[in-house]
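Here's the letter readout for the chains.
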There are 2 protein chains.
Amino acid sequence: MKEKQVRSTAAKQHIREILEQSGTALSQPEIQEQSEGVCDRVTVYRVLDRLLQEGEVHKTIGLDGMTRYAICKACDHDHGHQHDHVHFSCEVCGEVTCLDKVIPELKLPRGYRLKEASYMISGVCPTCN
Amino acid sequence: MKEKQVRSTAAKQHIREILEQSGTALSQPEIQEQSEGVCDRVTVYRVLDRLLQEGEVHKTIGLDGMTRYAICKACDHDHGHQHDHVHFSCEVCGEVTCLDKVIPELKLPRGYRLKEASYMISGVCPTCN
DNA sequence: ATTTTTTCGCAACTGTGTTGCATTAATTAT
DNA sequence: ATAATTAATGCAACACAGTTGCGAAAAAAT
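Predicted, not measured: the structure shown is a model, and the values here were computed from it.

Conventions adopted
Residues numbered from 1 in each chain as written. Chains lettered and ligands numbered in written order. Predicted model: local features only at pLDDT ≥ 70, side-chain atom pairs only at ≥ 80, totals over all residues. Heavy atoms only, no water. Pairing = 2+ DSSP bridges. Helix = DSSP H or I, 4+ residues; strand = E, 2+ residues; numbered from the N terminus. Axes fitted to C-alpha atoms, helices over the stretch in contact; angles between N-to-C directions. Contact = heavy atoms within 4.5 Å. Buried area = accessible area lost by both parts, 1.4 Å probe. Salt bridge = Lys/Arg side-chain N within 4 Å of Asp/Glu carboxyl O. Polar contact = N/O pair within 3.5 Å; in protein donor to acceptor, adjacent residues only side chain to side chain. Near = heavy atom within 4 Å.

It is worth spelling out the sheet that holds strand 4 (residues 86-90) of chain A at this point. Hydrogen bonds along the backbone pair up the strands of a sheet, which may run parallel or antiparallel. Pairing is mixed in the open sheet, where 6 strands are placed in the order 5(A)-4(A)-6(A)-6(B)-4(B)-5(B). At either end of the open sheet lies a strand with only one pairing partner, and these are strand 5 (96-99) of chain A together with strand 5 (96-99) of chain B. Across the sheet, the axes of successive neighbouring strands diverge by a mean angle of 25°, strand direction being ignored. Of the pairings in the sheet, the one linking strand 4 of chain A to strand 5 of chain A comprises 4 bridges and is antiparallel in character. Each bridged residue has a counterpart across the sheet, and for A:His87 the counterpart in strand 5 of chain A is A:Cys98.

Take the interface of chain B and chain A next. Many authors give the size of an interface as the accessible area that is lost as the parts come together. Counting from both sides, the interface comprises 34 residues of chain B and, opposite them, 34 residues of chain A. Both sides together, the interface formed by chain B and chain A hides about 2800 Å², and carbon and sulfur atoms give 62% of it. On the chain B side of the contact with chain A, B:Tyr112, B:Arg113 and B:Ile121 bury the most area, a combined 20% of that side's loss. Where chain B touches chain A, the interface holds 2 salt bridges. Its salt-bridge partner being A:Glu91, residue B:Lys115 comes within 3.5 Å of it at the nearest N-O pair. At the boundary of chain B with chain A, the tally comes to 14 residue pairs in polar contact (both at pLDDT 80 or more). Contributions of two or more residues to the side of chain B that touches chain A are made by strand 4 (86-90), strand 5 and strand 6 (113-124) of chain B. Of all the elements, strand 6 of chain B adds the most residues to the side of chain B that touches chain A, at 12 residues.

Around DNA strand C, a shell composed of 22 residues is seen, among which A:Thr9, A:Thr43, A:Arg46, A:Arg50 and B:Thr67 lie nearest. Among the secondary structure elements, those contributing two or more residues to the surface near DNA strand C are helix 3 (41-53) of chain A together with helix 3 (41-53) of chain B. Examining the composition of the surface near DNA strand C, we find that 5 residues originate from one element, helix 3 of chain A, more than from any other.

None of the figures reported here should be taken as evidence of function without further support.
Take a look at the structure:
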């Protein structure tokens, strides 16, 4: 059982940089647009998959059904990830932001066993407000 | 300005019945599967759109990015809809259920103006537990 | 420098959701 | 009841996100 080594490639570095600079969660098309032909569409998807596996990034599904990826900031890499934070989708600018600090409280009815939660809030962000 | 009248068709009745009997949120493919060729794929989408417009149904995006529709139960049709309830997606059976009663509390950071919320929880439902 | 292993690009494909348009079915008016 | 009107349907075609196979290219290991 040999572990797959983590390889650093041009595309990967570039995509991580885009995500870091943006600060918001980005979809493949959004990344593609910002990286003007650095690599193929498929490569973007594969790099994002790898970054996800390596725990550098987390994934969220927007209200538009679009998959977006964002750099993990508030994640504890040693003790499992904290991906149950809130994502905010701005109606005006369309940006999806991670609200790391916000942790919603909720009580599930008896019988339901929670495993993962995804909170998607839409509204107007501070910049557009 | 004449209003578009609400028309009752075979496809519409059939699809509403499927949703009522299921009790869970269903996607177009799931509805299609249960209705064995009652109508075209496109018609299902259009009927669901109409039911949504008429406020009989609400829409939710799953963690799989799939759009699902469910009959509105806890909605107050006179004073606007309450669609901000929690949806629970079971890892085992794949069913998406509306938890009408569960209302999560959360405090947004200053500057953010909430308009709509979508809470998607995944885990194991009572039946599969 | 050579081998090994991973990543990349391309083409092709799957599946969800949408649109235009001619036809059909449900209301409404006669 | 019948004709006129208006909305719903089916079909074909399309748009676009996401995936897969495979040979070529690029990293890392030897």
